[in-house]
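Close look at the chain arrangement
One-letter residues, chain by chain:
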Amino acid sequence: MKITIGVSGMDCGSCAVSIEKALKQTPGVQGASVNFASSKAEVDYDASKVSVTDLKKKINSLGYKVI
């Protein structure tokens, strides 16, 4: 499944890279792309292994806000 999650609090491109890396390391995530300019994370994931709530918690745990 694919989902687009709005993310606030990114100050630069390296913030997007940090979020993307953390999402890709999450079990059940098959791919992730975070765009600093649009403040969005696109995540391809296996819903049987990880929930949308888990993905949002991961982003929040990094110090960013899901919008």
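Read on for a plain summary of the structure. Keep in mind the model is a prediction, meaning the values are calculated, not measured. (Residues numbered from 1 in each chain as written. Predicted model: local features only at pLDDT ≥ 70, side-chain atom pairs only at ≥ 80, totals over all residues. Heavy atoms only, no water.)

If you trace the four strands from one edge of the open sheet to the other, you get 2-3-1-4, paired in antiparallel fashion. Two strands lie at the open edges of the sheet, namely strand 2 (29–35) and strand 4 (65–66), each paired on one side alone. Here helix 1 (residues 13–24) sits on the sheet and contacts strand 1 (2–8), strand 2 and strand 3 (40–45); the angle it forms with strand 2, its principal contact strand, is near 170°. Its contacts with the sheet place helix 2 (residues 52–61) against strand 1, strand 2, strand 3 and strand 4, and it is angled at close to 25° to strand 1. (Pairing = 2+ DSSP bridges. Helix = DSSP H or I, 4+ residues; strand = E, 2+ residues; numbered from the N terminus. Contact = heavy atoms within 4.5 Å. Axes fitted to C-alpha atoms, helices over the stretch in contact; angles between N-to-C directions.)

With that settled, consider the pattern of salt bridges. Taken as a whole and assessed by the stated rule, the structure comprises one salt bridge. For Glu20, the salt bridge is made with Lys24, and the minimal N-O distance between the two is 3.2 Å. Here Glu20 pairs with Lys24, and both are found in helix 1, just four residues apart, close to one helical turn. By relative accessible area, Glu20 is classed as partly exposed at 21%. (Salt bridge = Lys/Arg side-chain N within 4 Å of Asp/Glu carboxyl O. Buried < 20%, exposed > 50% of the residue type's maximum accessible area, 1.4 Å probe, protein only.)

Geometric values such as these leave the question of function open.
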